[in-house]
Amino acid sequence: RQWATDAQGVRLVYPYVRDGEPSNLDVFVEATLVDSTDGKGTPSTTILTDVEEVLNYDPDISKPIYERGRKPAQSFLNVLPIVLVPVDIQIIDLNDSSSSVQTSIQNALEDMLYKIRPFISGADLQRNKNDILYYGKVQSVVTESLVNGNFFNQLKVYVDGNEEVSYEFTLGNIPYLNNLTFS
């Protein structure tokens, strides 16, 4: 994970050893929003190529070539883009649904989703684990976005088209707010 930050435009990487193939490492790359191809974190082919290069060799050319190798000789790297998973949220019977209220809710939800990322055991601290989208958290974020006196009656959360109360993001799957609807 640290080596990948040597590539320009990388926000985070999510490395996984393939099941039953200990010499194969899948490295899912998330770009910064500014450097992504879609404004959601999808890396360009240039970023993917750069990540593969820095995972193989230290970019510090002042070192002799024999000191620049990083990847173990018996391993195979598969550098892949993250997989965007759409999250749709429906807020039902919002009392004041003015455009400023809707924008406030949308910004808060996008911020929450931007922090939900796959947990990498052995690389991430357990106390920082934030890889599950919970219905209750979504409800809390929406409620905190409202001013006193404003309320809603119901909320629905859909992940990849399925209504969910909790959903764990793994293997380079990254949430993004696809649709926020008010009815």
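Attention here is on the structure that accompanies the text.

## Describing unusual backbone geometry
Thought 1: At Asp 93, a residue that is not glycine, the phi angle is positive and equals roughly 60°.
Thought 2: Along the chain, Asp 93 falls in the loop between β4 (83-92) and α3 (99-115).
Thought 3: Relative accessible area serves as the criterion here: at 41%, Asp 93 is assigned to the partly exposed category.
Thought 4: With phi around 55°, Asp 160 is a residue other than glycine that occupies positive phi space.
Thought 5: Position of Asp 160 relative to the elements: it lies in the loop between β6 (154-159) and β7 (162-163).

## Let's talk about the sheet that holds strand β3 (residues 76-81)
Thought 1: The three strands lie next to each other as β1-β2-β3, forming an open sheet whose pairing is mixed. On the outer flanks of this sheet lie β1 (10-18) and β3, each paired with one strand and no other. Between one strand and the next, the sheet's axes are offset by a mean angle of 25°, whatever the strand orientation.
Thought 2: Bridge analysis of strand β2 (residues 21-31) against β3 gives six bridges, and the strand direction is parallel. Within the sheet, the bridge partner assigned to Val 27 lies in β3 and is Val 79.

## Focus: the packing of α3 against helix α4 (residues 135-145)
Thought 1: At a minimum axis separation of 9 Å, α3 and α4 run at an interaxial angle of 140°. By the angle between their axes, α3 is oblique relative to α4. In the packing of α3 onto α4, the handedness of the crossing is right-handed. Note on element contacts: α4 touches α3 through Lys 137, Val 138, Val 141, Val 142 and Ser 145, opposite Ser 104, Ile 105, Ala 108, Leu 109 and Met 112.

## Section: α4
Thought 1: Where α4 is concerned, the buried positions are Val 138, Val 141, Val 142 and Ser 145. Buried residues of α4, seen end-on, are gathered within an arc of 95° and therefore sit on one face of the element.
Thought 2: At its buried positions, α4 is contacted by β4, α3, β5 (132-134) and β6.

## Let's talk about the pattern of salt bridges
Thought 1: Going through the model one piece at a time under the given rule, you end up with ten salt bridges.
Thought 2: Across the salt bridge formed by Glu 30 and Arg 11, the nearest N and O atoms sit 3.1 Å from each other. Here Glu 30, found in strand β2, pairs with Arg 11, found in strand β1; they are 19 residues apart in sequence, far enough to count as distant.
Thought 3: Between Asp 58 and Lys 63 there is a salt bridge, and its shortest N-O distance comes to 2.6 Å.
Thought 4: Note on Asp 58: relative accessible area 11%, which makes it buried.
Thought 5: When salt bridges with common partners are traced through the structure, they connect Asp 6, Asp 58, Lys 63 and Arg 70 into a single cluster.

## Looking at the sheet that holds β4
Thought 1: Read across the open sheet, the four strands follow the order β7-β6-β4-β9; overall the sheet is mixed. The sheet is open, and its two borders are formed by β7 and β9 (173-182), each paired with just one other strand.
Thought 2: When β6 meets β7, the two strands line up antiparallel, connected through two bridges. The residue of β7 that forms the bridge with Val 159 is Asn 162.

Conventions and cut-offs
- Each chain carries its own residue numbering, running from 1 in the written order of its sequence.
- Totals for whole chains, interfaces and linings use every residue, but because this is a predicted model, local features are given only for residues with pLDDT of at least 70 and side-chain atom pairs only at 80 or more, for both listing and counting.
- Think of the side-chain values as coming from all heavy atoms in the structure, minus any hydrogens and water.
- The helix count covers DSSP runs of H or I at least four residues long, the strand count covers runs of E at least two residues long, and both are numbered beginning at the N terminus.
- Accessibility here uses a 1.4 Å probe with only protein chains present; expressed as a share of the type maximum, an area under 20% marks a residue as buried, one over 50% as exposed, and anything in between as partly exposed.
- Pairing between two strands is assigned when DSSP locates at least 2 bridges connecting them.
- Only the stretch in contact is used when fitting a helix axis, every axis being a line fitted to C-alpha atoms; angles between N-to-C directions are given from 0 to 180 degrees.
- An angle below 35 degrees is treated as roughly parallel, one above 145 as roughly antiparallel, one from 65 to 115 as roughly perpendicular, and anything else as oblique.
- Rotating anticlockwise by less than a right angle from the far helix to the near helix defines a left-handed crossing, while the corresponding clockwise rotation defines a right-handed one.
- By definition in these notes, contact holds between two residues if any of their heavy atoms fall within 4.5 Å.
- It is the directions from the helix axis to the C-beta atoms that the arc portrays.
- Definition used for salt bridges: Asp or Glu carboxyl oxygen within 4 Å of a side-chain nitrogen of Lys or Arg.

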